[in-house]
Amino acid sequence: MSHPPPDSRPGLLREALGSAAFALVPAAAFAALVFGLLTRPLPWTWTVPWVPGAGVQLSLRVDGLSALMLLLVTGVGVAVFVYAAGYLAHDRRRVRVLALLTAFLLAMIGAVTADDAVLLFLFWEATSVLSFLLVGTDHEDEAARKSAQQALLVTGGGGLFLLAGLLLLGQLAGTYSLSGIVARGPSLLHEPLLYPALGAVLVGCATKSAQFPFHFWLPDAMSAPTPASAYLHSATMVKLGVYLLARLDAGFGDWLPWDLALVPMGAFTAAWAMVLSLRERDLKRILAWSTVGALGTLVMLVGLQGDAATVAAASFLVAHALYKAPLFFVAGNVDHGTGTRVLDRLGGLGRRMPFTAAAAALAGLSMAGLPLSFGYLAKDVIVAAKQDTETLRLLVTVAQSYKFVGAVAVAVAAVAAVRIFWRHPGPCDSCPAHEGNAAMVVPPLVLAATGIVLGLAPGLVEPLLAAAARAMTPGEGGPPVDLGLSWSPLLLTAGTTAGVGLGIYLAWDPLHRVLARLDPLDRWGAAALFRAGLEGMRRVAAGLTRTLQHGRLPAYLAVLLGAAVLGTGALALQGGLVFPEASSPGLPVAFAAAVVAAGALLACGLSHRLVLLLASGLVGYGSALLFLFTGAPDLALTQFAVESAFVVVAASLLLWLRRAGAARSLPEPRLRPGALALGLVVGLGLAGLVLAVAAGPQDPALRDFFTAQAFPAAQGRNVVNVIIVDFRGLDTLGEVAVVAFSLLAALPLLTALRAGRAS
Amino acid sequence: MNAPSPVLRELAPRLYWLLLVVAAWLLLRGHHEPGGGFVGGLVALAATVVRALAFGSPEAARRLPLRSPAACAALGVLLSLLSGLPAALGGAPFLTHPWVTVAGVSLSTVMLFDLGVLLAVWGGLGGYALALLDLDRPGEDR
């Protein structure tokens, strides 16, 4: 990151005040939340009708699970905002990033409190879009743009699945309230449509929470500025998928297909992400893969049945946020202080960056699940969850993969906390490493220290974890929460995991060399397949465009007219052609018809383009006369005006073409048998259609209504105009907007045409 | 384009204003007699085209409201949109047009709506016409 020369003092002060103002938003929300939790019993509800016609309500509901997520969103939010102010000091992106983070905070608060499925979806999509904007912060960098696009396509595409699933669920349950859907969940288990409904929701959650096979977008999203990575792509947004799964688990947790989908998916995602983390050299990407691993573990815990699993999910949710966000801050500080995040170039930073090293140590302790930390307690309940679960033995066996995940997590923690700070006094000793400013070291220290404090005094969060677990459990009453240490078997497990993890840590470089050499993973991995799919889509689109949009105007016309005649002709013939009774028109009408016919015949026979244009103008003016004489003066006026403007502009274009010498490249008008046949068919077909319509019965209801109501309801005697501006005013507004927008779209093309001709 | 004839140059400004007056007249009478914002916009478009033929597109564009076709069209859409708000704020459905009588003259937001339609058609279609008539002029170097 580059540092412009320091500003003057007043500038600095203004910047600091501005950042502080941003940080007030999460701080106020956090304070209000804590106050509310201490004074009012959960759940809190708040409902306002919004789109009553569609049954959509602006309803918010905060139960234990929502409150837990809210605490993370606002609490980690405060740390993130403070950190961002320090990380982006003197950076011109600072205000943009802080503003986006604020918008994200609000969207996230909405997403975890929404009780209406449609409302949840709206906030959910808002977080996807904001994530896109934040990942693409360095929009001048092509890789960042690609990562942002990939993140948006994956999570946005999953969002569409989510919408479909939620709507289906709502239809099945007869309500769009999430709590209502959950309450009715058990009675829906026999519905065959439950498979597609929950399947679609699952796809949406899997994309958001980076579950296999959608896991690849998360590490690529690390092009976001570090505060955003810590906040969106580790602590909060990516947990939305887990959150929704946990919410629905209260209703569908006893459904075997649900567990059979969640547990293997989560377990495999976790294990696979940990393998992939060993292939990375970039500290931030390593942390990102371990985040994917944690998300997989969470999904697995949601899928496991039993009270202990829900407690474990809630505890791990908190523990992960409290150690992973600080570790991201640490990665950001290292990047900031040394200019690199590549492991091989980092080492021995402990003395130069003591506070960052301390934060890394505290957070690493929790991530490794060593005693005294909250991470240890979380790991403790995870093990317990697998022991007393009522789930199928098969799933329990699958869940054993957590041991491997935990071991690699220990290794990753050691890399982040020990290796780069206290070992490998490698080439970076010469780097001018320096500690970050206060705003960059306090947030990770506070968050990581909280992880230790909660480990020593779990009573502080126990009521909240119990409430969250209760929200994830069907029916009333919740499981007892006992986070107390039970030393005997678990210490042994923890010791084994730590031992294996230590082994992986010591063998990190050889393991990395072996895994990095597996290029099939690069060629056939999910990310590569995704990119190949995108490229293929582009190729198919280009091929289609070349085939269909060949640029030959006569061919376009033939296709359009032919299709129109075939379609309408078939319709008209279905009823049989009925000719209206012959009537002799008045002289004016006959005159107008003769003008039209003369114009049409002249246009067919002439070969000089300009005269041809005038002849076709005769058709237009003749039609206007016809309208005038048959009682449609408004239409006649419009037709006159349009025709005049069109003929003038087209004529001057023709003149210009001739002068530019382009006219000669156009084929001269001549008799084309195919065109003649098509023209005859189109003419006869349309004439037949008009006759059929005129002969058929007509419903006078609308005409009568508008004629009768024009003056009483809209105070106008010109029925046509009253319809346009009043009865159907919204349509007119739309049309007018289309005219204006089409001009906006066309102007660049026309300007480019002029510039191209000029050069 | 060839240099426009002196006759056209002499007549164009008069024709221009005449057509604009016709457009305004059509707009105002449209509520009871044939006319209205759409036709008015088309007639105003004809006026602009005449002006462009005589003095070139940039000059004609500068004569448009807000001095640009796109801005004129946008203003029109905005006016039409805003004309529906008073009713919406009063609790009636959006785009309901209330009427008041001031000194014997009936007034309504519907006039604002129709004026918006006129401006949008004038600017929207005028933008096309002016750009097409302007293809002749060499592009500016940027």
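The sections below set out a description of the structure shown in this document. The numbers attached to residues start from 1 for each chain and follow its sequence in the written order. Chains carry letters from A onward and ligands carry numbers from 1 onward, assigned in written order. Selection of residues for local features in this predicted model requires a pLDDT of at least 70, selection of side-chain atom pairs for listing and counting requires 80 or more, and totals for whole chains, interfaces and linings are taken over all residues. Each side-chain value is derived from all of the structure's non-hydrogen atoms; neither hydrogens nor water enter the calculation.

**Side note on the nonpolar core**
Residue and element names in this part refer to chain A. One finds Leu101, Trp217 and Tyr231 to be the most contacted residues of the largest nonpolar core, which totals 178 residues. A run of H or I in DSSP counts as a helix once it spans at least four residues, and a run of E counts as a strand once it spans at least two, with each numbered from the N terminus. For this core, the element with the highest residue contribution is helix H13 (residues 307-338), accounting for 20 residues. Once residues within four sequence positions are removed from consideration, Tyr231 is found in contact with Val73, Val76, Gly77, Val80, Phe81, Leu101, Phe104, Leu105, Thr236 and Met237. Residues belong to one nonpolar core when they are buried, are Ala, Val, Leu, Ile, Met, Phe, Trp, Tyr or Cys, and are joined through side-chain atoms within 4.5 Å. A 1.4 Å probe rolled over the protein chains alone gives each residue an accessible area, and that area as a share of the maximum for its type sets the label: buried under 20%, exposed over 50%, partly exposed in between. Two residues form a contact once any of their heavy atoms are found within 4.5 Å.

**Points about the pattern of salt bridges**
All names here are of chain A. What counts as a salt bridge is simple: a side-chain nitrogen of Lys or Arg found within 4 Å of a carboxyl oxygen of Asp or Glu. Under the counting rule described, the total for this entry stands at 18 salt bridges over all chains. A salt bridge links Arg93 to Asp91, with the shortest nitrogen-to-oxygen separation between them at 2.9 Å. Assigned by exposure class, Arg93 and Asp91 land together as buried. For Asp509, the salt bridge identified is with Arg281, shortest N-O distance 3.2 Å. Taken together, the residues Asp509 in helix H21 (residues 508-516) and Arg281 in the loop between helix H11 (256-277) and helix H12 (283-303) connect sequence positions 228 residues apart. Exposure remark for Arg281: the relative accessible area of 16% places this residue in the buried category. Members of the salt-bridge network, linked through shared partners, are Arg61, Asp63 and Arg247.

**Some words on the packing of helix H10 (residues 240-252) of chain A against H12 of chain A**
Any two packed helices are characterised by the angle at which their axes cross and by the distance between the axes. Residue and element names in this part refer to chain A. Working convention: axes come from line fits to C-alpha atoms, limited for helices to the stretch in contact. Angles between N-to-C directions cover 0 to 180 degrees. Axis separation between H10 and H12 bottoms out at 10 Å; the angle between their running directions is 5 degrees. Classified by the interaxial angle, the pair formed by H10 and H12 is roughly parallel. The residues of H12 that touch H10, namely those facing Val242, Leu245, Ala246 and Asp249, are Leu295, Leu298, Val299 and Val302. With respect to orientation, any angle under 35 degrees is reported as roughly parallel, any angle over 145 as roughly antiparallel, any angle of 65 to 115 as roughly perpendicular, and every other angle as oblique.

**Points about the side chain of Glu643 of chain A**
Tracing the sequence through the fold places Glu643 of chain A in helix H27 (residues 633-659). Contact partners of Glu643 of chain A, with chain neighbours within four places excluded, come to Ser616, Gly617, Gly620 and Tyr621 of chain A.

**Here's the deal with the interface of chain B and chain A**
Interface size, as often reported, equals the accessible area lost upon joining of the parts. Listed per partner, the contact involves 50 residues of chain B and 42 residues of chain A. Accessible area that two parts lose when put together, with a 1.4 Å probe and added across both, is what the buried area reports. Contact between chain B and chain A buries roughly 3,800 Å² in total, counting both sides, with carbon and sulfur atoms accounting for 72%. Where chain B packs against chain A, one counts 0 salt bridges. Polar contacts here mean pairs of N or O atoms no more than 3.5 Å apart (in protein, one a potential hydrogen donor and the other a potential acceptor; neighbouring residues in sequence count only if both atoms are side-chain atoms). If you look at where chain B meets chain A, you find 9 residue pairs in polar contact (both at pLDDT 80 or more). Those elements that place two or more of their residues in the side of chain B that touches chain A are helix H2 (37-55), helix H4 (69-83) and helix H6 (109-133) of chain B. If you tally residues by element for the side of chain B that touches chain A, the top one is H6 of chain B, at 14 residues.

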